[in-house]
Amino acid sequence: MTATDLSLPTPAVAAPRNRSAPGRPVRSRGWRLVGYATLVLAAAALLLPFYWMVVASLKTNSDVFTIPITWLPDPVVWRNYLDIWQRSDMTTWLGNTLLLSVVVSLLQVVTGSLAAYGFARVRFPGRNALFLAYVGTIAVPWQSYMIPQFILMSKLQLSNTLWSIVALQAFGAFGVFLMKQFYETIPEELSESARVDGLSEFGIYRRIMLPLSRPALASLALLTFVTTWNDYLGPLIYLRSPELRTIQLGLNTFISQYNAEYALIMTGSVLSVLPVAVIFLLGQRYFIEGIATTGLKG
């Protein structure tokens, strides 16, 4: 009998049981539900003032601030939307605001994308320093140079005209920064191939860069539209004639005249918010895509 025959059989070692594995899916599902519930509560808290504004616009004036608060109008007063149109110059206010928002947004998209292409793709001396200086203007508050701007607009005889707002807001460093970051995510090989084929820089910008940058262009247009639509201080300084008032200035004058007509004030607020909400809902897919992809290289 050999030593091998006398050796005892080695007992099989059982694999350690993963006691935490069965509980992991349940625990992660529970945290996911907690996260969803938190997001729902946060969304409800953000939307509650807007819901109350819409409900108040459909109430009678005496029912707006009743205690306890009634969250459903009874009766529903649709006439408020007709009354505010009759008592105010809402058509002029909305028309001026829409005109300024559309024109400024288009100019911001054109000028911002052109300048961003120059900074992202064209090589010239001092490019980085010039870009840093240009983007650094974002940190300068407008209140520090609005008086020199007003003097300049007055000397150019643009004060008290819609062109003053267009001239001041048609160029923006933020749009250049946003578009440059997006252009840098587009492979340089596309531009090099186009140059080899004889395409000019403007042709590369128009035929290659613009079609690929639709999400970023939509994001810039949406942000500019909302900013111009909600602007109050700029029109307050430059637009003094009643026929040039925007929706923000018009609502301010309406509140001063009908400071006790709370239902009509809420109706005007709904009309001022509604176009922005509709445009954001229509372009939210491009807006989210543009913001998510800007600044990512790959």
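Shown above is the structure to which this text applies.
Residues numbered from 1 in each chain as written. Predicted model: local features only at pLDDT ≥ 70, side-chain atom pairs only at ≥ 80, totals over all residues. Heavy atoms only, no water.

Student: How would you summarise the environment of L168 if you had to cite specific residues and measurements?
Tutor: Tracing the chain through its elements places L168 in helix 7 (residues 162-169). With 64 residues separating them in the primary sequence, L168 and V104 have C-alpha atoms 9.2 Å apart. If we skip the residues at most four places from it in the chain, L168 touches Q149, M153 and Y238. (Helix = DSSP H or I, 4+ residues; strand = E, 2+ residues; numbered from the N terminus. Contact = heavy atoms within 4.5 Å.)

Student: Explain the side chain of S191 to me, and be specific about the residues and the numbers.
Tutor: Relative to the helices and strands, S191 is located in helix 9 (residues 188-196). For S191, the residues in contact, after removing those within four places along its chain, are R121, I204 and M209.

Student: Describe the packing of helix 4 (residues 90-121) against helix 7, naming the residues involved and giving the relevant values.
Tutor: Contact geometry for helix 4 and helix 7: axes closest at 9 Å, N-to-C directions at 30°. Viewed along their axes, helix 4 and helix 7 adopt a mutual orientation that is roughly parallel. You can see that helix 4 and helix 7 cross each other, and the crossing is right-handed. Contacts from N96, L99, L100, V103, V104, L107 and Q108 of helix 4 reach helix 7 at L162, I165, V166 and Q169. Classifying every residue of the contact of helix 4 with helix 7 gives 8 nonpolar, 3 polar and no charged. (Axes fitted to C-alpha atoms, helices over the stretch in contact; angles between N-to-C directions. Parallel < 35°, antiparallel > 145°, perpendicular 65-115°, else oblique. Left-handed = near helix turned anticlockwise from the far one by under 90°. Nonpolar A, V, L, I, M, F, W, Y, C, P; charged D, E, K, R; others polar.)

Student: Break down the pattern of salt bridges for me, with residues and values.
Tutor: Taken as a whole and judged by the stated rule, the model has 7 salt bridges. Among the salt bridges present, the one from R87 reaches E261, with a minimum N-O distance of 4.0 Å. Here R87 is found in helix 3 (residues 79-87), whereas its partner E261 is found in the loop between helix 13 (247-257) and helix 14 (262-293), with 174 residues between them in sequence. Between K180 and E184 there is a salt bridge, with its nearest N and O atoms 2.4 Å apart. Using a relative accessible area of 10% as the deciding quantity, one classes K180 as buried. With relative accessibility at 25%, the residue E184 sits in the partly exposed group. If you follow the salt bridges from partner to partner, you end up with R121, E188, E192, R195 and E201 in one network. (Salt bridge = Lys/Arg side-chain N within 4 Å of Asp/Glu carboxyl O. Buried < 20%, exposed > 50% of the residue type's maximum accessible area, 1.4 Å probe, protein only.)

Student: Tell me about helix 5 (residues 127-136), residues and numbers included.
Tutor: When helix 5 is considered as a whole, its buried residues turn out to be R127, F131 and V135. The arc that holds every buried residue of helix 5, seen down its axis, measures 60°, which confines them to one face. Opposite its buried face, helix 5 presents the exposed residues A129 and L132, each directed more than 90 degrees away. Where the residues of helix 5 are buried, they touch helix 4 and helix 8 (173-183). (Arc of directions from axis to C-beta.)

Student: Can you break down helix 8 residue by residue, with the values?
Tutor: Most of helix 8 sits out of view: 9 of its 11 residues are buried. When helix 8 is considered as a whole, its buried residues turn out to be A173, G175, V176, L178, M179, K180, Q181, F182 and Y183.

Student: Describe unusual backbone geometry, and please don't skip the residues or the numbers.
Tutor: A positive phi angle, near 60°, is found at Q157, a position not held by glycine. Inspection of the secondary structure puts Q157 in the loop between helix 6 (146-155) and helix 7. We classify Q157 as exposed; its relative accessible area is 68%. Even without a glycine there, the phi angle at N160 is positive, about 65°. Its place among the elements puts N160 in the loop between helix 6 and helix 7.

Student: Let's hear about the nonpolar core: which residues, and what values?
Tutor: Counting 21 residues, the largest nonpolar core has Y117, M179, Y183, I204 and M209 as its most contacted members. Residue assignment for this core shows that the elements contributing at least two residues are helix 4, helix 5, helix 8, helix 10 (201-212) and helix 11 (214-230). Apart from the residues lying within four places of it in its own chain, the contact partners of I204 are Y117, S191, A194, R195, L199 and M209. Counting residues in hydrophobic clusters, the runner-up holds 20 residues, among them V64, M90, I247 and F254. (Core = buried A, V, L, I, M, F, W, Y, C linked by side-chain atoms within 4.5 Å.)

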